[in-house]
Amino acid sequence: MPHTAREYLVHRFRGDAQVLTDRVAALQRGTKIPGPDAATSRRMAEACEAVASMVESIAPHEHAADELDAIVALIPLLEQRARDAGMLPPVRAVYTGAATRIREVQTAEASAASGSSLPATQAPDEETDMIDDALDIDVDDDIDDDDIDDDDLDASPDDEDDGAARP
């Protein structure tokens with residue numbers, strides 16, 4: 001279990017890279033999965049791994065605040081990579097999402113240090129969900145009990161919820 005912001009972020013980005021790598025393998029086996037093709041998913045996995053390496057390259061500090069400041073200093077580089085004109089939009093979304101994730105950790109750490117707590121649920125940030133939208137899956141959240149339930153597993157394409165009340 002990660003104990004520092006640095007460890008958490010490395011773990012998080014490596015986890016995203018692994019999810020994308022698993023997706024590539026499934027696509028190569030012929031599994032039909034909505035979202036980007038195998039080549040795009042591979043580039044996204046490589047971007048996630050690059051972000052994890054950037055964070056990991058920051059030496060652990062004796063003081064957590066100093067370490068977090070060094071991580072936050074990566075945001076302009078991540079945003080520059082996201083603006084790279086030659087990059088595919090889903091890959092750009094990885095870098096934009098990484099900058100957003102770092103800001104979220106910074107906010108959470110500042111909130112914890114001040115003794116306040118963030119609301120249990122926050123409105124989704126447009127940038128936070130860019131990878132999810134690009135993949136049409138949820139890769140930026142760890143799987144929790146509320147992420148997948150029996151209805152998700154049993155649903156067929158004809159079971160779409162139209163919002164109408166059912167008896």
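Residues numbered from 1 in each chain as written. Predicted model: local features only at pLDDT ≥ 70, side-chain atom pairs only at ≥ 80, totals over all residues. Heavy atoms only, no water.

Student: Provide a residue-level description of helix α1 (residues 5-28), including the pertinent values.
Tutor: With 24 residues, α1 should cover 34 Å at 1.5 Å per step; its first-to-last C-alpha distance of 35 Å lies within 8% of that length. Positive phi shows up at Gly 30, right after α1, with a value of about 95°. (Helix = DSSP H or I, 4+ residues; strand = E, 2+ residues; numbered from the N terminus. Expected span 1.5 Å × (residues − 1).)

Student: Just give me the short version of the pattern of salt bridges, but keep the residues and values in it.
Tutor: For the structure shown, the criterion picks out four salt bridges. Arg 14 is paired through a salt bridge with Glu 49; the nearest N and O atoms lie 2.5 Å apart. With Arg 14 in helix α1 and Glu 49 in helix α2 (residues 38-56), this residue pair connects regions lying 35 residues apart in the sequence. Among the residues examined, Arg 14 registers a relative accessible area of 27% and is labelled partly exposed. Of the residues examined, Glu 49 reaches a relative accessible area of 29% and is grouped as partly exposed. Two residues, Glu 56 and Arg 14, come together in a salt bridge whose shortest N-O distance is 3.1 Å. Pair noted here: Glu 56 is in helix α2 and Arg 14 is in helix α1, with a separation of 42 residues, a long-range link. Owing to a relative accessible area of 36%, Glu 56 belongs among the partly exposed residues under this scheme. Salt bridges sharing partners connect three or more residues here, namely Arg 14, Glu 49 and Glu 56. (Salt bridge = Lys/Arg side-chain N within 4 Å of Asp/Glu carboxyl O. Buried < 20%, exposed > 50% of the residue type's maximum accessible area, 1.4 Å probe, protein only.)

Student: Give a description of the nonpolar core that names residues and reports values.
Tutor: Counting residues in each nonpolar core, the largest one holds 30 residues, and the members touching the most others are Leu 9, Phe 13, Val 55, Leu 78, Tyr 95 and Ile 102. Elements that contribute at least two residues to this core include exactly α1, α2, α3 (64-72), α4 (75-83) and α5 (89-114). Tallying contributions element by element places α2 first for this core, with eight residues. If we ignore the near neighbours within four places in the chain, the residues touching Tyr 95 are Ala 47, Ala 50, Val 51, Met 54, Leu 78, Arg 81, Ala 82 and Met 87. (Core = buried A, V, L, I, M, F, W, Y, C linked by side-chain atoms within 4.5 Å. Contact = heavy atoms within 4.5 Å.)

Student: If you had to explain the packing of α1 against α3 to someone new, which residues and values would you point to?
Tutor: Where α1 contacts α3, the axes come no closer than 9 Å and their chain directions differ by 40°. The orientation of α1 relative to α3 falls into the category oblique. The segment α1 lies against α3, with Ala 5, Arg 6 and Leu 9 engaging Glu 67, Leu 68 and Ile 71. Along the lines of polarity and charge, the residues of the contact of α1 with α3 split into four nonpolar, no polar and two charged. (Axes fitted to C-alpha atoms, helices over the stretch in contact; angles between N-to-C directions. Parallel < 35°, antiparallel > 145°, perpendicular 65-115°, else oblique. Nonpolar A, V, L, I, M, F, W, Y, C, P; charged D, E, K, R; others polar.)

Student: An account of the side chain of Thr 40 is needed here, citing residue identities and associated values.
Tutor: Positionally, Thr 40 belongs in helix α2. Residues contacting Thr 40, with those up to four places away along its chain left out, are Leu 88 and Pro 90.

Student: Lay out α2 with the relevant residues and their values.
Tutor: An α-helical turn contains 3.6 residues, so a residue and the one three or four places further along point in the same direction. Taking 1.5 Å per residue as the helical rise, α2 with its 19 residues ought to reach 27 Å, and the 26 Å between its terminal C-alpha atoms agrees with that figure. Every buried residue belonging to α2 is among Ala 38, Thr 40, Ser 41, Met 44, Ala 45, Ala 47, Cys 48, Val 51, Ala 52, Met 54 and Val 55, and all of these are buried. Its side-chain oxygen at 3.4 Å from the backbone nitrogen of Ala 39, Asp 37 defines the N-terminal cap of α2. (Polar contact = N/O pair within 3.5 Å; in protein donor to acceptor, adjacent residues only side chain to side chain.)

Student: Give me the lowdown on the packing of α1 against α5, citing residues and values where you can.
Tutor: Running from amino to carboxyl end, α1 crosses α5 at an angle of 150°, the nearest separation of the two axes being 11 Å. Viewed along their axes, α1 and α5 adopt a mutual orientation that is roughly antiparallel. The two elements α1 and α5 meet at a crossing, and its hand is right-handed. Residues Ala 5, Tyr 8, Leu 9, Arg 12 and Phe 13 of α1 form the contact with α5, whose participating residues are Ala 98, Arg 101, Ile 102, Val 105 and Glu 109. Taken together, the residues of the contact of α1 with α5 sort by class into seven nonpolar, no polar and three charged. (Left-handed = near helix turned anticlockwise from the far one by under 90°.)

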